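# Architecture and fold: a report
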Amino acid sequence: KHFDFKYANELVDFIQSETDLSIGVAGYPEGHIDCNDLDLDLNNLKRKVKAGADAVYTQMFFDNDILYKFMEQAQNIGISVPIIPGILPIMSYKQLERMLSMARVTLPKSLMDKLEKYKDNPEDVKKIGIEFASCQCEQLIKNEIKGLHFYTLNTSTCVGQILKNLGL
C-alpha cells in the first residue's frame, strides 16, 4: 500500500488508527520555518496532538525563555501532552550555520558573540557549545522539564560530556 499525507496530523491519525505505538511529534518554539504565523503553527501542533500524539519533541532552541513561552501558549490552547525540549549541542561553527539556515532559531547575542570570536578554532567552539548546552539543560531540569531530547547529529561525545557535567 502507498499512502500520501499532506499534513503531519494525517500521518499521526493513521498511525494511531493502525497501531498501538506511542507517537511523538515535532513542535517549533519559534515557529516552523515555512509558517509565518505562530498562532497557526500552534494550532497545527494541536491538530497533531488531537490526532493521537503522546508527546511533542521540540526543534532546537537556544533561549529557554522562548521554550517556556511556547509551552505556556501550548497549554493555553489545550495541549497537555509532555513537551520535550530539543537540545543541539554546538559542535562546530559550520554545523551551526547550516542548522540555522534550515530552521527559525534565535541565538542569544552573548552566545553568538562568543562563537564569532572563536569561529576559527574548532575546539573552542565545541567547548563553548558544551558549556552552553550544559547550562541550558541544568536550567531546564531545575524548571522540571519532563525530559531532554538531544540532537546528536551522529556523534555522542558532546552529549556524553553534557550528561557528565549535569551529574547524570
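Below, the structure is looked at part by part. (Residues numbered from 1 in each chain as written. Predicted model: local features only at pLDDT ≥ 70, side-chain atom pairs only at ≥ 80, totals over all residues. Heavy atoms only, no water.)

## Quick look at helix 3 (residues 64-76)
Taking 1.5 Å of rise per residue, the 13 residues of helix 3 would be expected to cover 18 Å, and the 18 Å separating its terminal C-alpha atoms lies within 8% of that figure. Residues of helix 3 that are buried include every one of N64, L67, F70 and A74, and no others. Seen along its axis, helix 3 keeps its buried residues to an arc of 115°; they face one direction. Along helix 3, exposed side chains directed more than 90 degrees from the buried face belong to D65, K69, E72 and N76. Each element contacted by the buried residues of helix 3 is listed here: strand 1 (24-27), helix 2 (38-50), strand 2 (55-60), strand 3 (83-87) and helix 6 (122-142). At the N-terminal boundary of helix 3, the capping side chain belongs to D63, with an oxygen 2.9 Å from the backbone nitrogen of D65. Phi for G78, located one or two positions after helix 3, is positive at around 100°. (Helix = DSSP H or I, 4+ residues; strand = E, 2+ residues; numbered from the N terminus. Expected span 1.5 Å × (residues − 1). Buried < 20%, exposed > 50% of the residue type's maximum accessible area, 1.4 Å probe, protein only. Arc of directions from axis to C-beta. Contact = heavy atoms within 4.5 Å. Polar contact = N/O pair within 3.5 Å; in protein donor to acceptor, adjacent residues only side chain to side chain.)

## Points about a nonpolar patch on the surface
On the surface, a nonpolar cluster with roughly 250 Å² of combined accessible area is contributed by F3, F5 and L11. With respect to the helices, strands and loops of the structure, F3 is situated in the segment before helix 1 (8-18). Classification of F3 as partly exposed rests on a relative accessible area of 39%. (Patch = residues over 30% accessible without salt bridge, like charges linked within 9 Å, V, L, I, M, F, W, Y side chains within 5 Å. Areas by Shrake-Rupley, 256 points an atom, 1.4 Å probe, with all protein chains shown as cover. Salt bridge = Lys/Arg side-chain N within 4 Å of Asp/Glu carboxyl O.)

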